[in-house]
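# Breakdown of the fold
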There are 2 protein chains.
Amino acid sequence: MTKHETMRSAGLDAAFGELQELLGDKLSTASGVIAQYASGESFPDAYPPDAVAFPSSTDEVSEIAKICHRHRLPMVASGAGTSLEGHIAAPSGGLAVNFAKMDRILEVNESDLDCGVEPGVTREQLNHYLRDRGLFFPIDPGADASIGGMASTRASGTNAVRYGTMAQNVLGLTIVQPDGTVIRTGGRARKSSAGYDLTRLYVGSEGTLGFITEIKLRLYGIPESILSATCGFQTLAGAVETVMQTIQLGIPIARVEFMDETQVRACNAYSALRLPEQPHLFLEFHGSPAGTEEQAQVVAELAEANCGSGFTWATSSEERNRLWRARHNAYHANRAFRPNATIWASDVAVPISELPNAVLSVRADIERNGLSAPIVGHVGDGNFHVSFLIAPDDADEKRRAEDVYSRMIHAAIAAGGTCTGEHGIGMVKQDYLIEEAGADAVASMRAIKQALDPLNLMNPGKIFA
Amino acid sequence: MTKHETMRSAGLDAAFGELQELLGDKLSTASGVIAQYASGESFPDAYPPDAVAFPSSTDEVSEIAKICHRHRLPMVASGAGTSLEGHIAAPSGGLAVNFAKMDRILEVNESDLDCGVEPGVTREQLNHYLRDRGLFFPIDPGADASIGGMASTRASGTNAVRYGTMAQNVLGLTIVQPDGTVIRTGGRARKSSAGYDLTRLYVGSEGTLGFITEIKLRLYGIPESILSATCGFQTLAGAVETVMQTIQLGIPIARVEFMDETQVRACNAYSALRLPEQPHLFLEFHGSPAGTEEQAQVVAELAEANCGSGFTWATSSEERNRLWRARHNAYHANRAFRPNATIWASDVAVPISELPNAVLSVRADIERNGLSAPIVGHVGDGNFHVSFLIAPDDADEKRRAEDVYSRMIHAAIAAGGTCTGEHGIGMVKQDYLIEEAGADAVASMRAIKQALDPLNLMNPGKIFA
């Protein structure tokens, strides 16, 4: 043990006694438990925490923070564990704080179209609860992520083209600060110009500034009419051009998802879809019956002009659910597509006019390098995902994948886009953040981190090294 | 002169020489000029700066900041001077930096529906420029404000119910930090989860963190069909209930503005409108011809059920413009309504279900206290404005107005709303900010201010004392 490790161990022992007194069996150091909080999805390394806490209230989280703060113990929040860039790993050890037990829906205000939830509520749980009230919450990353995790990574998903991301749909937060102080940000008014927008600062801060222990969300009425369809295209370019034109015309399309040929093959196999093996769009229109018909007709004409095969409608709600479940299961389909492969699931976003070129370039680069890497995307936002499926023991394939990955991100940034549309920075994209935002802007982010977490206890090593 | 004043004066003299060398005749200390940068609209006190700079580029602003930083000289940004809460006043003196000369539209990307502008561009200038391209920028505070000022106060206006506020429509910023460092935030991708959302932090920060010298904005296609109407109501409650029900039904109404009877009287006189003297809604629907007809029909039925008089359509674009110009001129109409009165224009926002009660309570309180105070509101957001028209020499009337004002804000906060929906805090609402957000949350805002402007040079005395 180094001197530093000895000190940390002594600190941990002291803290651990206090935490155990506070939490009883809601604290675990069992190796099987801490191993689950070492990496998250699709992150290659494992950094287990020293212990895991499962608090059940804001007050308890505040007490946890006070203890960790006193003993200088790092704190790492986690929800469903579905983040992709190493967000929940504990490279400095410390205490993982998992919010699975804080999964209550606290209030639903039907007349104001808002609700309050604890961070461990998952998006499917929330929507199941809301369905009978005729309401829904649109943000849907592929996984059944927790709302707290979704807020922390500024998640979005298939509906963002119409309904926005977590940035637009979180009305307010309860935050436990690193020293245990509890603050509330935002409120239930639809807009405010009262002071700095702390809500938007905590959304997307990846657990580096404080614990989110309560979230107020915007809700929406389930549309009177929902029309879903798939459409195959002779070329990838035809599919992406259709999306670009739809957005440029201002059609309020609710979902417009792209899958390249490889992704269609993987989803056909995993979700028994039987789609023709060609680039596809999955589309959905929300509105009144007349409104959705009208939108669908315009987009169908655009698709036809871009050599689309015509819309195949998912008419029943069962068919529609099956379609979108298949889309959400793309990640699992890719796991099954090349069973022993390591997956790197990366996302970028570009201005919509750059989308055709960006997707075509990456596809060509993947093929040139003989890689297996399906492309799928929330293309209405200019956002697409490449899942590199890499043979774990093939160093050359890994190197080629790294090169394609890196060229894709450099190109997205050069095109005025971003190194991540919805996954976040975590431990993986820190250099790209500097490339994108510039060293001086990242220095401002660090200054804010230093101001709100001066001891660097909250999820250290994320966003910035 | 106190010792402090002597030191400041010496600092100013030294800084002034350097500023004059940099700026030549783009620097003024003429009393007639500095007097224009002492208060803004509707702010009762005057705090003139020591000098005013009129820079013409980001580089020049950066050089100005370096000089002021070196000499510890406060810097106060201003645009069109239409802010309402004392934002541009210089209570610590120093240099006013006015962006009127930085009024270039830098780029319009029609295919990406975005543009880049300098901060001195006004909203009317931008929309005039965009019109021939079939595009528009929807955010429209009453005045012809500058885009930089609108970003700084997180402005919104009549279209926010559909298109959001500046918070949702600024894609990225160029910021000159207090020491002259230039950073860029955000980008042209429609979404990003790359690091802290600095864009949203600077939007609404009222010039307290840095100078905004360039703004990237979202644009929208001018809708194929625009329908505008007015509708009178027998009761104020009927008008406000109609709005609440429209929002709850999820109708994508583009504008829904409320005027109480007093405001209608003032606007009739100022803008020759000839509306019946009763509470009114001004409405607008955007979409396809079939879509706007359908929306308008639903809302017309709601209005009828709430004892509305039926829609009066503004069919030509001239009529429509006249209608909205009258709405935007409500502030000037109020000035003319009681010519020598002092105006306090205050705004609050509440959850939509609280709106009928909030507006009715304020109206009753105004009448109980024998005050003249028209109410107007972007009621689709739960946001309304009360313009207290106070005889300047009537201390008792002033005291009664202060009491109504203060009760209105306490009630909005108690109802889960905000002390300001779109005007900002400035020098006026600092205590209400603490009441709304809590002292600990405001302490976090202060910590951020301290981190990004450690010498407190940027617009000191605003948001926080």
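Here the structure is a predicted model, which is why all the values come from computation and not from measurement. (Residues numbered from 1 in each chain as written. Chains lettered and ligands numbered in written order. Predicted model: local features only at pLDDT ≥ 70, side-chain atom pairs only at ≥ 80, totals over all residues. Heavy atoms only, no water.)

## Details of the relation of the copies chain B and chain A
Stated precisely, the cut-off is as follows: Alignment of the copies relies on least squares applied to C-alpha atoms, considering only residues that score at least 70 for pLDDT in both. We call two residues in contact whenever any of their non-hydrogen atoms come within 4.5 Å of each other.
Mapping chain B onto chain A calls for a screw motion: a turn of 180° about the axis and a shift of 0.0 Å along it, with 0.0 Å RMSD after fitting. Both chain copies can therefore be described as sitting about a two-fold axis. Interface overlap between copies: 100% of the residues of chain B at the interface are likewise at the interface in chain A, consistent with a symmetric, same-surface contact.

## Quick notes on the interface of chain B and chain A
What counts here: Accessible area that two parts lose when put together, with a 1.4 Å probe and added across both, is what the buried area reports. The salt bridge definition used is simple: a Lys or Arg side-chain nitrogen within 4 Å of an Asp or Glu carboxyl oxygen. Each polar contact in these results corresponds to two N or O atoms within 3.5 Å; when the atoms are within protein, one needs to be able to donate a hydrogen and the other to accept it, and residues that are neighboring in sequence are counted only if both atoms are side-chain atoms. Numbering goes from the N terminus for both helices and strands, where a helix is a DSSP run of H or I of at least four residues and a strand is a run of E of at least two. Residues are sorted three ways: Asp, Glu, Lys and Arg are charged, Ala, Val, Leu, Ile, Met, Phe, Trp, Tyr, Cys and Pro are nonpolar, and all the rest, Gly among them, are polar.
Each side of the interface is counted separately: chain B has 72 residues, and chain A has 72 residues. Taking both sides of the interface into account, the surface hidden between chain B and chain A amounts to around 5,200 Å²; carbon and sulfur atoms contribute 59%. It is K191, S193 and Y196 of chain B that lose the most area in chain B upon contact with chain A, and together they represent 18% of the buried surface on that side. Viewed at the interface, chain A and chain B are joined by 4 salt bridges. There are 36 residue pairs in polar contact (both at pLDDT 80 or more) connecting chain B and chain A. The set of elements that each furnish at least two residues to the side of chain B that touches chain A consists of β9 (182-186), α8 (198-202), α9 (236-248), α11 (289-305), α16 (430-437) and α17 (439-452) of chain B. If you tally residues by element for the side of chain B that touches chain A, the top one is α17 of chain B, at 9 residues. For the side of chain B that touches chain A, a count of residues per class yields 28 nonpolar, 29 polar and 15 charged.

## A few points about the sheet that holds strand β13 (residues 255-259) of chain B
Residues and elements named next belong to chain B. Rules: Whether two strands pair depends on DSSP finding at least two bridges between them. Only the contacting stretch of a helix is used when fitting its axis, a line to C-alpha atoms as for every element, and angles between N-to-C directions run 0 to 180 degrees.
Taking strand neighbours across the sheet as the criterion, the 7 strands line up as β15-β12-β14-β13-β17-β18-β16 in an open arrangement whose pairing is antiparallel. One side of each edge strand has no neighbouring strand; the edge strands of this open sheet are β15 (312-314) and β16 (342-349). Within this sheet the neighbouring strands show an average axis-to-axis angle of 20°, counted without direction. Seen against the sheet, α9 touches β13 and β14 (280-287) and runs at an angle of roughly 165° to β13. Across the sheet, helix α14 (residues 355-368) touches β13, β17 (375-378) and β18 (383-390), and the angle it forms with β18 is around 5°.

## Topic: helix α16 (residues 430-437) of chain A
Under the convention used in this document: Only protein chains enter the accessibility calculation, which uses a 1.4 Å probe. A residue is then buried if its area is under 20% of the maximum for its type, exposed if over 50%, and partly exposed in between. Think of it as the arc spanned by the lines of direction from the helix axis to the C-beta atoms.
Within the span of α16 of chain A, buried status applies to Q430, Y432, L433 and A437 of chain A. Viewed along the axis of α16 of chain A, the buried residues span an arc of 155°, placing them on a single side of the element. Structurally, α16 of chain A contributes buried residues whose contacts are with α15 (395-414) and α17 (439-452) of chain A together with β9 of chain B. Where α16 of chain A ends, the next residue or the one after it, G438 of chain A, has phi of about 95°, a positive value.

## As for the domain arrangement of chain A
Just so we agree on the cut-off: Source of the domain bounds: an automatic or database domain assignment.
According to the domain assignment, chain A consists of domain 1 (3-98), domain 2 (105-221), domain 3 (225-414) and domain 4 (430-456). Between domain 1 of chain A and domain 4 of chain A, the C-alpha centre-to-centre distance is 24 Å.

## Observations concerning the sheet that holds strand β10 (residues 211-218) of chain B
Residue and element names in this part refer to chain B. A sheet is described by the order of its strands in space; here 5 strands give the open sequence β5-β6-β10-β8-β9, paired in antiparallel fashion. What marks the edges here is a single partner per strand, and that holds for β5 (105-109) and β9. On average, each strand axis in the sheet is inclined to that of its neighbour by 10°, with strand direction left out of account. For strand β6 (residues 114-117) and β10, the ladder comprises 4 bridges, and the chain directions are antiparallel. Counterpart to D114 in the pairing with β10 is R218.

## Here we look at the side chain of S193 of chain A
Its location among the elements puts S193 of chain A in the loop between β9 (182-186) and α8 (198-202). One polar contact links the side chain of S193 of chain A to the main-chain amide nitrogen of G424 of chain B, over a distance of 2.9 Å. Beyond its immediate stretch of four places on either side in the chain, S193 of chain A contacts T153, R154, E206, T420, G421, E422, H423, G424 and I425 of chain B.

## Digging into the pattern of salt bridges
The final tally for this structure, using the stated rule, is 56 salt bridges over all chains. Here K66 of chain A makes a salt bridge to E63 of chain A, at a shortest N to O gap of 3.3 Å. Here K66 of chain A pairs with E63 of chain A, and both are found in helix α3 (residues 58-71), just 3 residues apart, close to one helical turn. Classification of E63 of chain A by relative accessible area gives partly exposed; the value is 34%. A salt bridge links E402 of chain B to K398 of chain B; the nearest nitrogen and oxygen atoms lie 3.9 Å apart. Pair noted here: E402 of chain B and K398 of chain B are both in helix α15 (residues 395-414), with a separation of 4 residues, about one helical turn. Owing to a relative accessible area of 40%, K398 of chain B belongs among the partly exposed residues under this scheme. Counted as one network, the salt bridges with shared partners bring together D396, R399, R400 and D403 of chain A.

## Here we look at the UniProt feature "domain: FAD-binding PCMH-type" (unreviewed entry) in chain A
Test applied: UniProt positions are given in the numbering used here, feature names are shortened, and annotations may be inferred rather than shown by experiment.
Cross-referencing UniProt, the feature "domain: FAD-binding PCMH-type" (unreviewed entry) maps to residues 45-222 of chain A in the present numbering. Between the C-alpha atoms that bound residues 45-222 of chain A the distance is 41 Å, and the span itself is 24% helix and 25% strand.

## Observations concerning the packing of aromatic side chains
The description of an aromatic ring pair rests on the distance of the ring centres and on the angle between the ring planes. Residue and element names in this part refer to chain A. Note the following rule: Two rings belonging to Phe, Tyr or Trp (six-membered ring only in the last case) form a pair when the distance between their centres is within 6.5 Å. Interplanar angles under 30 degrees mark stacking, angles over 60 mark edge-to-face geometry, and anything in between is tilted. Only when the NZ atom of a Lys or the CZ atom of an Arg is both within 6 Å of the ring centre and within 35 degrees of the ring normal do we say a charge sits over the ring.
On inspection of all chains with the given rule, the structure shows 25 aromatic pairs over all chains. Each ring, one from F388 and one from Y405, has its centre 6.2 Å from the other, and the planes form 70°; the classification is edge-to-face. Pair noted here: F388 is in strand β18 (residues 383-390) and Y405 is in helix α15, with a separation of 17 residues, a long-range link. Judged by relative accessible area, which is 1%, F388 ranks as buried. Cluster of aromatic residues (ring-pair linked, three or more members): W344, F388, Y405 and Y432. The side chain of R255 reaches across the aromatic face of W324, ending 4.1 Å from its centre.

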